[in-house]
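Chains, contacts and geometry: an overview
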Amino acid sequence: MAWLGCIPLLAGLLGIVFIPGASICLLAGMRPRYVVALAPLISMSLVSLLPVLFAKFGMRWSIGSFAGTFVVFCLAVALICRGRARWPQRVALPSALWIGGVVAWLGHVLPAVIGRSPRTPIQQIDPTYHMNLVWFMANTGNGSSISAPTRMFGLETSETAAPSGWHDLVALMGTGRVVEATNTMAIVLPTLWVVGISLLAYVAFSANTKLVVWTQLASLVFSEFPTILQSSYPVWPNALAIALLPFACAAMWMAIRDWRAQKHSALGYVGVGAAAILITCGIALVHPSFVFNMASLSVFPLLYLLIRGIWRSPSQRRRKSLLWLGGVVLVVVGASLAMFTIPYVSAVAARMMSSYGGEPAIGIEAILKIVSGATAHKEGTVVPVKMSQALMNVCGMVLFIGAVLMCWRRRDKIVWLSWLGTAFIALIVYWRVPGVLGMIGGFWYMNAHRVIAPLEVPATLLFGLGLAQWSYLLSLLLKTVFRAKNAAGLSRAITLGVVLVAGFSAGIITKNAFYQVVYNPKSDSVTIHMSSPEIAMIERAQKKIKGPVRVIGDPTNGSAMMQALGGVEVVFPQMYYRPSNTNEAYLLSNFDKLGTEPKVCDLVRKYNIRYFYYDSDKETFGKTGQVKDDGIQVTPSPKEAELVDRGGTARLYKITACRSS
């Protein structure tokens, strides 16, 4: 029932993602089918780019300023495109699409909400950074990707830039409710994913309702996305960028198909190209992986379409076109290779290749994982999860085989080529191929989770074809062997039943376990660093601590969550801090000298540090993972600090030793 309180947050986040882009498209006179595809792309571009401009002109990033700017944009588009506006009309979608979409949506959302409260934060390293950056944005009004992340790396440090589009979105609705708004994104992403994959299937399969529904249901077989990328391997900005991929693929598919059927001026090419670049830049500020993922998904299909177009052209133009294409390919490949000779670029590529350790998984297992859509995790955490995950993996393999068999009935070359491009990257990552190919895999940090998730875009379409094929073969069996009268309807019912058992029911068990392992304070995951009583103490902090003061503590023991969950700014808002920040390094090493070392009190007063978060638990691995400085690990004496609150093994003290003289 607690999730019902998040309905306004959900409505607000979905409204921000869809309404601005859809309004601009309609006012610009775009065709309705483009509106759905472009709406979230345009909206998220605005959400990512506007905060950069706002910061330059001294404007606060807030829901009010965003809404006002959106109205101005709409007025400008209405004036420029006067008379071209298309107002939304009622679209009668087949009921099967609604039912399939709702079932798929529930299959992704229920595991995210069952057994946990929207107020319970995830206990992982990266999410602590993300939630605390959202808190800073909501409280300071600075959402610029160029400057907003700076405070996350120190009280006084060099300006730091990082893509922050995800944070900009959550900050618009997260004022005072950062954890709840963040957890609500676990509902927003499946909504985006189901709508996007349904749209892409509708475009790819030429509005074939049955294939679209099979595709919706096939999405239930996957655990990697959106589940794992929001739970046990939480890369939230990356996940949002991946959820936008089906919309971008659908828009590109429709644009290429329509573009070939019409003649366009040079100005038209420039206009479309400029709009595409602007949208891409905006989504790249959500996460740059969007660019790499789009490249891997589209490079083979685009090459195929180019070569086919050249081959079908008149013979006198064919040779020139082939030479032109070959020249472009050589320039692109040559320029890419030349970039890696630049020391900085090669150093970054080498770092990305080695960011995640691990042994090469050379063998049939990696190939089976890729073709079956299996999670990159080795196995589940409890026996029922192992069994249900294994069932889903088997189903994935069966559906892939069905997709291969479907090739005898229909040729979906674009879908297969898209899958091959990303599957090739996945193989590089799993096998940890060195050299130039390894550098390509480095764009995904040589991490299987980051490439298996975008692979689901074409894989879901293929699995939808696989479901349709097995349903067809079953109908033939029922008709020829059992002489069933309504063989087609009966086969669809049986196939649907199998999907509901294997994909929906088993999927909920498996996916919920991935959420529980990092959200449940009683989990034995190595990242858990707060018990339920400690979380309750942190939540009480916003009532006990008044004014713009700061809390200091070891960020690995739960103190970092005093900000996003407790509403009080902390000195160390993430698990990492820059050793070059000498004042903070000094406090970490010498805080046990509070009351005896003048410099400690000088820094405490300078940074308005009034409270100290201490945890006596030195055994739990999640609480001892990063910061090791002894100075921050010592209990203060009653002369130096007074106890304010306690929860579990954690204590919150008010510093009394450094009062202003």
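Up top is the structure.
The structure reproduced in this document is the subject of the present report. All figures in this text were calculated on a predicted structure; none of them were measured in a lab. (Residues numbered from 1 in each chain as written. Predicted model: local features only at pLDDT ≥ 70, side-chain atom pairs only at ≥ 80, totals over all residues. Heavy atoms only, no water.)

Once that is clear, we can look at the overall build of the protein. Across its full length, the protein holds 24 helices and five strands. Dimensions of the protein along its principal axes, counting C-alpha atoms only, are 90 × 60 × 55 Å. Burial analysis of the protein (661 residues in total) assigns 54% to the buried set. Pairs at least 24 residues apart make up 75% of the contacts formed inside the protein by residues separated by at least 6 positions. Carbon and sulfur atoms make up 67% of the accessible area of the protein, which totals about 29400 Å². Positive and negative side-chain charges of the protein, numbering 57 and 29 respectively, have mean locations separated by a distance of 19 Å. (Helix = DSSP H or I, 4+ residues; strand = E, 2+ residues; numbered from the N terminus. Buried < 20%, exposed > 50% of the residue type's maximum accessible area, 1.4 Å probe, protein only. Contact = heavy atoms within 4.5 Å. Areas by Shrake-Rupley, 256 points an atom, 1.4 Å probe, with all protein chains shown as cover. Lys, Arg positive; Asp, Glu negative; His and termini not counted. Charge placed at Lys NZ, Arg CZ, Asp CG, Glu CD.)

This part is about the environment of His 449. Turning to its location among the elements, His 449 is positioned in helix H19 (residues 448-480). Overall, His 449 belongs to the buried group, its relative accessible area being 8%. Taking C-alpha positions, His 449 is 8.3 Å from Ile 228, a pair spaced 221 residues apart along the chain. Other than its neighbours up to four places away in sequence, His 449 contacts Glu 224, Ile 228, Leu 229, Tyr 233, Ala 376 and His 377. For His 449, the side chain forms a polar contact with the side chain of Glu 224, separated by 2.4 Å. (Polar contact = N/O pair within 3.5 Å; in protein donor to acceptor, adjacent residues only side chain to side chain.)

Bringing the packing of aromatic side chains into the picture now. Applying the stated rule across the entire model yields 17 aromatic pairs. Between Tyr 515 and Tyr 519, the ring centres sit 6.3 Å apart and the planes meet at 40°, which makes this aromatic pair tilted. Taken together, the residues Tyr 515 and Tyr 519, both in helix H20 (residues 487-519) and four residues apart, mark about one turn of the helix. The burial state of Tyr 515 is the same as that of Tyr 519; both residues are buried. In this structure an aromatic cluster arises from ring pairing among Phe 591, Phe 612, Tyr 614 and Tyr 653. Directly above the ring of Tyr 519 sits Arg 116, whose terminal nitrogen or CZ lies 3.8 Å from the centroid. (Phe/Tyr/Trp six-rings, centres within 6.5 Å; stacked < 30°, edge-to-face > 60°. Lys NZ or Arg CZ within 6 Å of the ring centre and 35° of its normal.)

This brings us to the nonpolar core. Most often, soluble globular proteins have nonpolar side chains that are buried together. The biggest cluster of nonpolar side chains holds 163 residues, and the ones touching the most others in it are Met 44, Leu 169, Phe 225, Trp 419, Ile 545, Val 551 and Met 562. For this core, the element with the highest residue contribution is helix H7 (residues 178-204), accounting for 16 residues. In terms of nonpolar packing, the next biggest core, distinct from the first, is built from 24 residues, Val 571, Ala 585, Phe 591 and Phe 612 among them. (Core = buried A, V, L, I, M, F, W, Y, C linked by side-chain atoms within 4.5 Å.)

Quick look at the sheet that holds strand E5 (residues 650-655) now. Strand order in this open sheet of five strands is E2-E1-E3-E5-E4, and the pairing throughout is mixed. Two strands lie at the open edges of the sheet, namely strand E2 (569-570) and strand E4 (641-647), each paired on one side alone. Pairing analysis gives four bridges linking strand E1 (residues 550-553) to strand E3 (residues 609-615), with the strands arranged parallel. Residue pairing across strands places Gly 553 opposite Tyr 613, the latter belonging to E3. (Pairing = 2+ DSSP bridges.)

Another point: helix H8 (residues 209-218). For H8, a buried count of eight out of 10 residues is recorded, marking the element as mostly surrounded by other parts of the structure. Considered for burial, the residues of H8 that qualify are Leu 211, Val 212, Val 213, Trp 214, Thr 215, Gln 216, Leu 217 and Ala 218. At its buried positions, H8 is contacted by helix H4 (95-113), H7, H19 and H20. A distance of 3.2 Å separates the backbone nitrogen of Lys 210 from a side-chain oxygen at the start of H8, and that oxygen is part of Asn 208.

On inspection of all chains with the given rule, the structure shows one disulfide. The disulfide partner of Cys 601 is Cys 658, and the S-S distance across this bridge is 2.0 Å. Here the disulfide of Cys 601 and Cys 658 is left-handed, its torsion about the S-S bond being about -65°. Within this pair, whereas Cys 601 is found in helix H24 (residues 598-606), its partner Cys 658 is found in the segment after E5, the two being separated by 57 residues in sequence. Here Cys 249 stays unpaired: no disulfide links it, and the sulfur of Cys 25, its closest cysteine neighbor, is 17 Å away. Residue Cys 407 stays outside any disulfide, its sulfur separated by 19 Å from that of Cys 249, the closest cysteine. (Disulfide = S-S within 2.5 Å.)

Moving on, we get to the side chain of Ser 372. Here Ser 372 lies in helix H15 (residues 364-372). A polar atom in the side chain of Ser 372 sits 2.7 Å from the backbone oxygen of Leu 368. Leaving out residues up to four positions away in the same chain, Ser 372 has contacts with Asn 393, Gly 396, Met 397 and Phe 463.

The next thing to look at is the pattern of salt bridges. Under the defined criterion, the tally for this structure stands at 11 salt bridges. Note that Asp 412 and Arg 410 form a salt bridge whose closest N and O atoms lie 2.8 Å from each other. On the basis of relative accessible area, Asp 412 is assigned to the buried category, the value being 9%. Under the relative-accessibility criterion, Arg 410 is labelled partly exposed at 26%. Residue Arg 550 pairs with Glu 569 through a salt bridge whose shortest N-O separation is 2.9 Å. Of this pair, Arg 550 sits in strand E1 while Glu 569 sits in strand E2, placing them 19 residues apart in sequence. On the basis of relative accessible area, Glu 569 is assigned to the buried category, the value being 17%. In this structure, a network of salt bridges that share partners links the residues Arg 119, Arg 177, Glu 180 and Glu 539. (Salt bridge = Lys/Arg side-chain N within 4 Å of Asp/Glu carboxyl O.)

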